[in-house]
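A look at the structure
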Amino acid sequence: PFQAPIVLPDGRPRLSFTACFESGNLAMARSETPTIYSLYVDQDVNTTGYTQWFYFGVRGGYRGLKVIFRIVNFKKAGSLFEAGMLPVVWSEKSGRGWEQ
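One structure accompanies this document, and this report is about it. Small disclaimer: the values here were computed from a predicted structure and weren't measured.

Conventions we followed
- Residues numbered from 1 in each chain as written.
- Predicted model: local features only at pLDDT ≥ 70, side-chain atom pairs only at ≥ 80, totals over all residues.
- Heavy atoms only, no water.
- 1 Å grid on protein atoms, 1.4 Å probe; cavity = no way out; pocket = protein on both sides within 12 Å on 5 of 7 lines; lining within 4 Å.
- Points joined across faces, edges and corners; volume = space filled by probe spheres on them.
- Nonpolar A, V, L, I, M, F, W, Y, C, P; charged D, E, K, R; others polar.
- Pairing = 2+ DSSP bridges.
- Helix = DSSP H or I, 4+ residues; strand = E, 2+ residues; numbered from the N terminus.
- Phe/Tyr/Trp six-rings, centres within 6.5 Å; stacked < 30°, edge-to-face > 60°.
- Buried < 20%, exposed > 50% of the residue type's maximum accessible area, 1.4 Å probe, protein only.
- Axes fitted to C-alpha atoms, helices over the stretch in contact; angles between N-to-C directions.
- Core = buried A, V, L, I, M, F, W, Y, C linked by side-chain atoms within 4.5 Å.
- Contact = heavy atoms within 4.5 Å.
- Patch = residues over 30% accessible without salt bridge, like charges linked within 9 Å, V, L, I, M, F, W, Y side chains within 5 Å.
- Areas by Shrake-Rupley, 256 points an atom, 1.4 Å probe, with all protein chains shown as cover.
- Salt bridge = Lys/Arg side-chain N within 4 Å of Asp/Glu carboxyl O.

So, about empty space enclosed by the protein. Inspection of every chain in the model, using the stated rule, returns one cavity of 30 Å³ or more. Forming the walls of the largest cavity are Arg-12, Pro-13, Pro-34, Thr-35, Tyr-62 and Leu-65. Split by residue class, the lining of the largest cavity holds four nonpolar, one polar and one charged.

Here it is as structure tokens:
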């Protein structure tokens, strides 16, 4: 269940986020600008309060739009992202499955 995107005065919509599905862990998304979003994810279950993964849905993008997602509350000292791991993306529109 996505909320309807907010449309800016210049006619461009802001993105809409959801984590209302199994394993979704986005707690909050805040739009800093139309292309920069600060994301807060829920803490990992059965930990002492750290967060090392993310899983959420986004709608409202369009071809050519470049967006920065800043995950603000990652709280683990070490991460596989520091070792070169890259996030993956699934696009229903592309039909290509998971991609980096």
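Still to come is the rest of the account.
With that settled, consider the pairing of strand 3 (residues 36–41). The sheet contact formed by strand 2 (residues 26–33) and strand 3 spans six bridges and is antiparallel. The partner of Thr-33 across the bridge, within strand 3, is Ile-36. Hairpin connection of strand 2 to strand 3: two residues between the antiparallel strands. Two elements, strand 3 and strand 5 (residues 68–71), share four bridges in a ladder whose sense is parallel. In the sheet register, Ser-38 faces strand 5, and the bridge partner there is Arg-70.

Once that is clear, we can look at the packing of aromatic side chains. Given two aromatic rings, their pairing is described by the distance between the two centres and the angle made by the two planes. If you walk through the whole model with that rule in mind, you get six aromatic pairs. Their ring planes at 50 degrees and their centres at 6.1 Å tell us that Phe-17 and Phe-56 sit as a pair that is tilted. In this pair, Phe-17 is assigned in strand 1 (residues 16–18) and Phe-56 in the loop between strand 3 and strand 4 (57–59), connecting sequence segments 39 residues apart. We classify Phe-17 as buried; its relative accessible area is 15%. An aromatic cluster is present here, built from Phe-17, Tyr-37, Phe-56 and Phe-69 joined pairwise through their rings.

This part takes up the sheet that holds strand 2. The strand order across the open sheet built from three strands is 2-3-5, with neighbouring strands paired in mixed fashion. Looking at strand neighbours, the two that pair on one side only are strand 2 and strand 5, the edges of this open sheet. Taken over all neighbouring pairs, the strand axes of this sheet differ in orientation by 25 degrees on average, direction set aside.

Bringing the nonpolar core into the picture now. Counting residues in hydrophobic clusters, the biggest one holds eight residues: Leu-15, Phe-17, Ala-19, Leu-26, Tyr-37, Leu-39, Val-41 and Phe-56. Aside from chain neighbours lying at most four places away, what touches Val-41 is Asn-25, Leu-26, Ala-27, Thr-51, Trp-53, Phe-54, Ile-71, Asn-73 and Phe-74.

This part is about a nonpolar patch on the surface. A contiguous nonpolar patch, built from Phe-21, Trp-53, Tyr-55, Val-88, Trp-90 and Trp-98 and spanning about 630 Å² of accessible area, is present on the exposed surface. You can see Phe-21 is positioned in the loop between strand 1 and strand 2.

Examined against the element boundaries, Ala-4 turns out to sit in the segment before strand 1. Overall, Ala-4 belongs to the exposed group, its relative accessible area being 66%. Between the alpha carbons of Ala-4 and Gln-100 there is a distance of 27 Å; along the sequence they are 96 residues apart.

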